[in-house]
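# Structure at a glance
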Amino acid sequence: MARTRVRFASLLALTAALTALVTGCGSGDGSTPKDGATTPRGGKPVVVVTTTWEGAFAKAAGAEDVKVIVPQSVHHAPDYDPKPSDLAAVGKADFVLYAPFEPYAAKIKEAAGSKAKLVEVNLDNDADKVKAEVAQLGALFGTQESAAKWAASFDAEYAKLSKDVQGSWPGGKSPAVVSQVFTAWSAKLAGATPVGTYGPEAVTPAQLAELSAKKPSLVLDNAHMSTGTVLPDSGARQIEIVNYPGADLDLLPVYRNAAAELKKAMGGS
């Protein structure tokens, strides 16, 4: 009888040990997977982003819980000075997305501490670069399926917009354009012929002469970093291209709006 009790007690101890081991190996409690990122509870990451631009990338990749630090009302996001409450939110995130050119990036990194995984995002609305970033974020968040679905819808919308804009070419000929360095993606959307770029600094007299000599029909300025009329007296029509998505963190309207402005500038309805 005593031997039976000892055997039963041993089995209970073994069962308890195995249960503890299995529980400790689970990933639903915030353990660390192979890539070193913290796995959020329930599989839904808490993502903090500096601007709506990074936020739109995160949403496209499948993130649902996204907090934006810089308010959309701030026209030039790099000028924003994060408040203590912003930095407190960073400390509670699973992932923190930022761009290297943002001057407050150092503060964001420090506030993230050891818990959040810092992710540097290449902010460029070039179609290929956007899809690459979204795919990488999807892999990081564990939301690859959502990221792939978004990419498919993006491809369809982009092709439609590009075809529509190119149908407005004056005389059926690709227009010559000068772009600010962060709006070159919109020239690609229009199928336009790039003849030069400028910025992000103001155009110098030498650049002005060089770019004007190329006789562009359009100047694609950056609405967030505009320095006024870029090529005065050149005869080129200047339009403002918006890079940052709205508060809904939907990236597609950025392309729709750019296509509408391009089409209008080319004389289309």
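Here, the structure is the one placed above.
In short, a report on the structure. As the structure is a computational prediction, the values presented were derived from the model and not from experiment.

Each helix and strand counted, the protein has nine helices and eight strands in total. When burial is assessed residue by residue, the protein has 42% of its 269 residues classed as buried.

Glancing now at the pattern of salt bridges. Summed over the entire model, instances satisfying the criterion amount to 11 salt bridges. Its salt-bridge partner being Asp86, residue Lys83 comes within 3.8 Å of it at the nearest N-O pair. Taking relative accessible area as the criterion, Lys83 reaches 41% and is therefore assigned partly exposed.

This part takes up the sheet that holds strand E6 (residues 193-198). Across the sheet, four strands lie side by side as E6-E5-E7-E8; this open sheet has parallel pairing. The two strands at the open ends of the sheet, each matched to only one other strand, are E6 and strand E8 (237-241). For this sheet, the mean inter-axis angle between neighbouring strands, taken without regard to orientation, is 25 degrees. Of the strand pairs in this sheet, strand E5 (residues 176-180) and strand E7 (residues 218-222) are connected by three bridges, and their pairing is parallel. Paired with Ser179 across the bridge in E7 is Leu220. Along the sheet, helix H9 (residues 252-265) makes contact with E7 and E8, crossing E8 at roughly 170 degrees.

What follows covers the packing of aromatic side chains. Considering all chains together, one arrives at eight aromatic pairs under this definition. On the numbers, 5.0 Å between centres and 15 degrees between planes, the contact of Trp150 with Phe154 is stacked. Note that Trp150 and Phe154 are positioned in helix H6 (residues 144-166) at a spacing of four residues, about one turn of the helix. Grouping residues by exposure puts Trp150 and Phe154 together as buried.

Before going further, it helps to examine the environment of Ile69. Among the secondary structure elements, Ile69 is positioned in the loop between strand E2 (65-68) and helix H3 (84-91). Setting aside chain neighbours within four positions, we find Ile69 in contact with Val48, Val49, Thr50, Tyr80, Asp86, Val90 and Ile108.

With that settled, the discussion passes to the packing of helix H5 (residues 127-141) against H6. Their axes nearest at 8 Å, the elements H5 and H6 cross at an angle of 165 degrees. As summarised for this structure, H5 and H6 are arranged roughly antiparallel, according to the angle between their axes. Every pair of crossing elements has a handedness; the one defined by H5 and H6 is right-handed. Residue-level contacts link Ala127, Val130, Lys131, Val134, Gly138 and Ala139 of H5 to Gln144, Ala147, Trp150, Ala151, Phe154, Asp155 and Tyr158 of H6.

The next point concerns the sheet that holds strand E3 (residues 95-98). On the basis of which strands lie adjacent, the open sheet formed by four strands has the order E2-E1-E3-E4 and parallel pairing. Looking at strand neighbours, the two that pair on one side only are E2 and strand E4 (117-120), the edges of this open sheet. Taken pair by pair, the neighbouring strands of this sheet meet at an average axis angle of 25 degrees, ignoring direction. Taken together, the three bridges between strand E1 (residues 46-49) and E3 define a ladder with parallel strand orientation. Bridge pairing in E3 places Val47 opposite Phe95. Lying over the sheet, helix H4 (residues 105-112) contacts E3 and E4, oriented at roughly 175 degrees with respect to E3.

What counts and how
Residues numbered from 1 in each chain as written. Predicted model: local features only at pLDDT ≥ 70, side-chain atom pairs only at ≥ 80, totals over all residues. Heavy atoms only, no water. Helix = DSSP H or I, 4+ residues; strand = E, 2+ residues; numbered from the N terminus. Buried < 20%, exposed > 50% of the residue type's maximum accessible area, 1.4 Å probe, protein only. Salt bridge = Lys/Arg side-chain N within 4 Å of Asp/Glu carboxyl O. Pairing = 2+ DSSP bridges. Axes fitted to C-alpha atoms, helices over the stretch in contact; angles between N-to-C directions. Contact = heavy atoms within 4.5 Å. Phe/Tyr/Trp six-rings, centres within 6.5 Å; stacked < 30°, edge-to-face > 60°. Parallel < 35°, antiparallel > 145°, perpendicular 65-115°, else oblique. Left-handed = near helix turned anticlockwise from the far one by under 90°.

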